[in-house]
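Geometric and topological summary
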Amino acid sequence: MDMTRIPRLIHSRVKRRKKHKNTPLGKAGFAFALLFSLLSVSTIIGLVSYYTHISQDLPSADYLTVLLDPDRGLLMQPTRIYTQGGEEVLWAFENPALEERDYAVLDLSEKALRSDIPPGVVKATIAATDPQYFSRANLNIWDWRQGKRTIPQMLVSDLLLWQEQPGLWREIREGILASQITAQFGREKVLEWYLNSAYYGRQTYGVSSAAEVYFGKPVHRLNLAEAALLAAVSEAPALNPFDAPQAARERGRELLNTMGKHDLITEEEEDEALAYKLVFQEKNNLSLPRPGFVDYVLEQIDEEIPQSRLTRGGFNIITTIDSSLQSQMECAVQVGLARYRGEDPPLEEECEAARLLPNYPDRILQGVEPLHLDVVQLDPRNGHILAVVGEHPNGLSDLFSAHPPGSLLTPFIYLTSFTQGYEPAALVWDIPPDKDDFTVEDLHPGCGDQCAYKGPVSIRLAMANDYLTPALNFWETLRPGNIENILSQVGVEIPSGSCPSCQMFPGSHAVTILDVAQSYGVFSNGGVLRGWPSSDKGGSLEPVIVNRVEDLSGKIWRENPRLVSRAVISKQLAYMITHVLSDSNARRASMGRQNVFDIGRPAAVKLGNTSQEDQIWTVGYTPQIVTAVWMGSEGSEAEGLADPLSKVASGYWRALTQYALKGQPLLGWEQPDEMTTLEVCSPSGLLPTDQCPEVVDEIFIQGNEPTQEDNLYQVLEINRETNQLATVFTPPELIEERTYLNIPPEAEEWARQQGISTPPQQYDVSGQTPRSPEVHISSPENFSFVREEVELRGMVPEEGVLSYRIQFGKGLNPKTWQQIHEESVDPRGGSVLVTWDTRGVEDGLYALQLVVVREGQRVEKASTIVSVDNTPPTVRVAEDLDGRQFTYRPGEEILFRAQVVDNANVDEVTFYLNYRLIATRDRPPYAYPWEMEVGEFTLNVRAVDKAGNVDQEMVTFEVVR
């Protein structure tokens, strides 16, 4: 080749390239290639970046060896629940048929020296969970044909990524990690781990454990039919041979058919397995029912560790349960139940609480079957559950079952009344209710053959002794919704559904023993609720049962849960309830002097009687502990059952509380500031008088002390001939004093049935002389109401008068008189004799008298009786309407109800809506049901008494769509 041609050739080619490069097509191609290259690089960088981001912080695949090591693996030990010191196991999440968890080795090689897992188990498990397990490529992380997780994914999801929230992010990470463990450890090892961690129902993990529990044999002895059934159970643990034996058999047979169709087994193997008659273990003593407190433990840990992971194993849960109180409660309950049934159980020396149980000569629980019992002890100072025991036919201790509260509600009913100005000393009436829904025995539970209505009593006596008529009256007037609002504040969860068995207080709701213990603890704490804020229940405070959670490697997952204190009622209101419930003298009216609740230290106790005689509550507290007991015998003959259940429940409360306080300081409750103690007349709660039958010390919130003297017992002057109230017109020789009980109209029928004389209502005017045309009072009229300045008109003769005076005296027949003005000699004829300023005297009945002295010292008198009333009535709109917004519902009504109090007589109550008169009432109840309309409204309620005094209240509210 001519070497001189090479430069020319090169030059020619470069020229052609330049020419081609400068064409439009060449430029576009270059740009497209460059763009494609940039996009490819960007995509690769993005994918790498995304992979790096999504795979960061992935758990190490090596952690599976920590969890499932045959000797020291965390999951080879069950999760256990311990007492607060960690010294005693309360519960283990393990089937009791198993002494320990065995690890089953899998070796699929032809020269396997040891393989605990037979081929039938492997084939059945693969067929049930992941048919393409051995044929799928490592990177094919999702079996789209089955639409479910592969075996590596299930292992990763359950054991490594259980803390992450479900979603696409987790699924991608799950797939990455599944591929990693498959590549690192191999399919055989992954399958071995899966078979040793799969759940087979009945608290049974791992195929080795499942073989022992359900078939009573080691895993290597399982035949194909048994292997297929267990593989099916691993897919649906609830359909296990103990809980659903027929379903388990059918699903096992279906799986055998599937294995045959996919040539995993031969036709002969399939026929032989289908013909095999499966025989299951007897499940007696192989699976204990889980106590209710275990579910409560799981609920409190669920935010940190879900139940599905926790119950697999590897954790120690340290609770607040006190081992001593727990063991004493357990043995005392067993000894007591046996003793009360007439047995003579041996009394072990270490069961000190049982020695504190009262002795009853009779078999008081004879025939009481089936018996249900729950007992809880709680430390109100920190909300910790200290002990919990249940005695039920099914063996469960259920903290979540709700029962009718019965008279346990009365402290909260009266607490609601205290928020509206009532006090423990306030007078209430224990008389037959208007409705016939209850008998005298219903309303005086435990009264035996001494059942009777007590008439006038204080709130203190009514609450302490379960005189229920006053509480029923408050339940209706204060409205159940307001009372249950108080209950929700003190920790009681109010369910949305109705409670047909809550008959004692219609419309009330059933309550759980945990809520009861916690709510009564609020009284002990001076109105403060303490507990753990549950995010599942909107931040409501729950009693604490979990102190610490750690895994077997020592890692702390939860420690010292956050304790929240929330003041829900005032110290003064809480103290008033405690003061009543701890008053042994007040309880004596129903319990006598042998009071089971007297334990030698301050203790507040409440029996919870229900309208169902087959259930009873006893709840009591000291500053250090709350003990709650519920007993029931649903299905037994209820008649006569309330008394024995009450004795047993009260005995348990006494014994367990005394033991819990052994060695603890003697503490009571200090009276809060802004409270006073005052002597009052019982039961009126007013200031004592000479007629008061009993003077007692009572507590009051400052400003609510009584200022009025007792008027329940009153001494009246009576005309003994007419039996009418003596007046200034009654001849003195016919007047005598009598003491009467001041009976309100609603109690008159009760008084009549009891033979109690009621005060006469008529005034005696039999001695009143005909009005003299020369000496008389014409105005005000006899028995009229007057106020402020009153013009007294009358007649005084013009001739023969030495002097005259106008005088007044308090009462119908005054003993002393007071002149209104100086004596006068000016005759008056039907004009104003004097103007009397009544604002200088107390409200009440007064006699006015015109005394004329004629020539010869002859005296003529004219009298009239008036009622002075300068005190206006008080009006309060009963419902909390002011500023409230209602949602419009066609046809629904809002009840406008006014509470009107007057020292004399109310004449009229009027209702104005947006300044338009809508209703007038001249007698109680002062209420008007108004059908809803949309808009903004002003409600004005105006009350006028007989003397013309006026009071009114105005509120605004809105109705919106």
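Relevant structure appears above.
Structural notes, computed from the coordinates. (Residues numbered from 1 in each chain as written. Predicted model: local features only at pLDDT ≥ 70, side-chain atom pairs only at ≥ 80, totals over all residues. Heavy atoms only, no water.)

Considering the sheet that holds strand S22 (residues 784–786)
Definition in use: Strands are treated as partners if at least two bridges between them are detected by DSSP. A run of DSSP states H or I qualifies as a helix once it reaches four residues; a run of E qualifies as a strand once it reaches two. Both are numbered from the N-terminal end.
The five strands lie next to each other as S22-S28-S27-S24-S25, forming an open sheet whose pairing is mixed. Unpaired on one side and paired on the other, S22 and strand S25 (818–819) mark the two borders of the sheet. Two elements, strand S27 (residues 844–854) and strand S28 (residues 858–868), share eleven bridges in a ladder whose sense is antiparallel. Residue pairing for S28: Tyr846 is matched across the bridge by Val866.

What about the pattern of salt bridges?
Rule in force here: One side-chain nitrogen of Lys or Arg within 4 Å of one carboxyl oxygen of Asp or Glu is enough to make a salt bridge. Accessibility here uses a 1.4 Å probe with only protein chains present; expressed as a share of the type maximum, an area under 20% marks a residue as buried, one over 50% as exposed, and anything in between as partly exposed.
Summed over the entire model, instances satisfying the criterion amount to 30 salt bridges. A salt bridge links Glu774 to Arg854; the nearest nitrogen and oxygen atoms lie 2.6 Å apart. Here the residue Glu774 occupies a position in the loop between helix H23 (748–753) and strand S21 (776–779), and Arg854 occupies one in strand S27, the gap between them amounting to 80 residues. Measuring nitrogen to oxygen at the nearest pair gives 2.7 Å for the salt bridge that ties Glu842 to Lys810. Of the two residues, Glu842 is situated in the loop between strand S26 (829–837) and S27 and Lys810 in strand S24 (residues 801–810); the sequence distance between them amounts to 32 residues. Classification of Glu842 as exposed rests on a relative accessible area of 55%. One salt-bridge network, held together by shared partners, links Glu774, Arg854, Arg858 and Glu860.

Let's talk about the packing of aromatic side chains
For clarity, the threshold we go by: Classification of ring pairs uses Phe, Tyr and Trp, with its six-membered ring standing for Trp, and accepts pairs whose centres are within 6.5 Å; under 30 degrees between planes counts as stacked, over 60 as edge-to-face, and the remaining range as tilted. Two limits define a charge over a ring: the Lys NZ or Arg CZ must be within 6 Å of the ring centre, and within 35 degrees of the ring normal.
Scanning the model with the defined rule gives 29 aromatic pairs in all. With a centroid separation of 6.0 Å and 65° between ring planes, the pair formed by Tyr340 and Tyr652 is classed as edge-to-face. Highlighted residues: Tyr340 in helix H13 (residues 323–340) and Tyr652 in helix H22 (residues 642–660), separated in sequence by 312 residues. Summarising the burial analysis for this pair, Tyr340 and Tyr652 share the class buried. Measuring from ring centre to ring centre gives 4.9 Å for Trp930 and Phe937, while their planes differ by 70°; the resulting arrangement is edge-to-face. We note that Trp930, like Phe937, is buried. Between the NZ or CZ atom of Lys555 and the centre of the ring of Trp557, over which it lies, the distance is 4.1 Å.

Notes on the layout of surface pockets
Test applied: In this analysis the probe radius is 1.4 Å and the grid spacing 1 Å, with only protein atoms considered; a cavity is a set of points the probe fits into but cannot get out of, a pocket is an open set with protein on both sides within 12 Å along at least five of seven lines, and lining residues have an atom within 4 Å of a point. Grid points are joined across faces, edges and corners, and a volume is the space filled by probe spheres set on the points. Nonpolar residues are Ala, Val, Leu, Ile, Met, Phe, Trp, Tyr, Cys and Pro. Charged residues are Asp, Glu, Lys and Arg, and all others, Gly as well, are polar.
What the second largest pocket holds in volume is close to 1,200 Å³. Forming the boundary of the second largest pocket are 47 residues, of which Pro445, Gly446, Cys447, Asp643 and Ser646 lie nearest the centre. The element that contributes the greatest number of residues to the lining of the second largest pocket is H22, accounting for six residues. Along the lines of polarity and charge, the residues of the lining of the second largest pocket split into 20 nonpolar, 16 polar and eleven charged.

Structural notes on empty space enclosed by the protein
Within the structure shown, the criterion is met by six cavities of 30 Å³ or more. Within this model, the second largest cavity holds a volume of roughly 60 Å³. Taken together, Pro405, Leu408, Leu409, Phe412, Leu487, Val492, Val511, Asp515, Val516, Ser519 and Tyr520 make up the lining of the second largest cavity. A total of four residues in the lining of the second largest cavity trace back to one element, the largest contributor, which is helix H19 (residues 513–524). Each residue belonging to the lining of the second largest cavity can be placed in one class, and the counts come to nine nonpolar, one polar and one charged.

Observations regarding the nonpolar core
Nonpolar side chains tend to gather and get buried jointly when the protein is soluble and globular. Test applied: Put simply, buried Ala, Val, Leu, Ile, Met, Phe, Trp, Tyr and Cys residues joined by side-chain atoms within 4.5 Å make one nonpolar core. Here, two residues are considered to be in contact whenever any of their heavy atoms come within 4.5 Å of each other.
The biggest cluster of nonpolar side chains holds 96 residues, and the ones touching the most others in it are Ile81, Phe293, Ile317 and Tyr520. With residues up to four places along the chain from it excluded, the contact list for Tyr520 reads Leu408, Pro411, Phe412, Leu581, Lys606, Val619 and Tyr621. One finds Ile151, Ile176, Tyr214 and Ala231 within the second-largest nonpolar core, a separate group that totals 64 residues.

Digging into a negative patch on the surface
Cut-off, in case you're wondering: A patch consists of residues whose relative accessible area exceeds 30% and which take part in no salt bridge; residues with like charges are grouped when within 9 Å of each other, and nonpolar side chains (Val, Leu, Ile, Met, Phe, Trp, Tyr) when within 5 Å. All accessible-area figures derive from a Shrake-Rupley calculation using a 1.4 Å probe, and residue coverage is judged against the displayed protein chains alone. This count recognises Lys and Arg as positive and Asp and Glu as negative, with His and chain-terminal groups excluded. By convention, the charge on Lys lies at NZ, on Arg at CZ, on Asp at CG and on Glu at CD.
A surface patch of negative charge is lined by Glu267, Glu268, Glu269, Asp271 and Glu272. By secondary structure assignment, the location of Asp271 is in helix H10 (residues 267–275).

So, the state of the cysteines
Working definition of a disulfide: a covalent bond connecting the sulfur atoms of two cysteines. Keep this limit in mind: For this text, the term disulfide refers to a pair of cysteine sulfurs within 2.5 Å.
All chains considered together, the criterion is met by four disulfides. Residue pairing for Cys331: its cysteine sulfur links by disulfide to Cys351, the two sulfurs lying 2.0 Å apart. Its S-S torsion of about 95° marks the bond between Cys331 and Cys351 as right-handed, since a negative value means left-handed. Of this pair, Cys331 sits in helix H13 while Cys351 sits in the loop between H13 and helix H14 (352–355); the two residues are 20 residues apart in sequence, bridging distant segments of the chain. Indicated for the protein is the disulfide connectivity 1-2, 3-4, 5-6, 7-8, based on numbering the bonded cysteines in sequence order.

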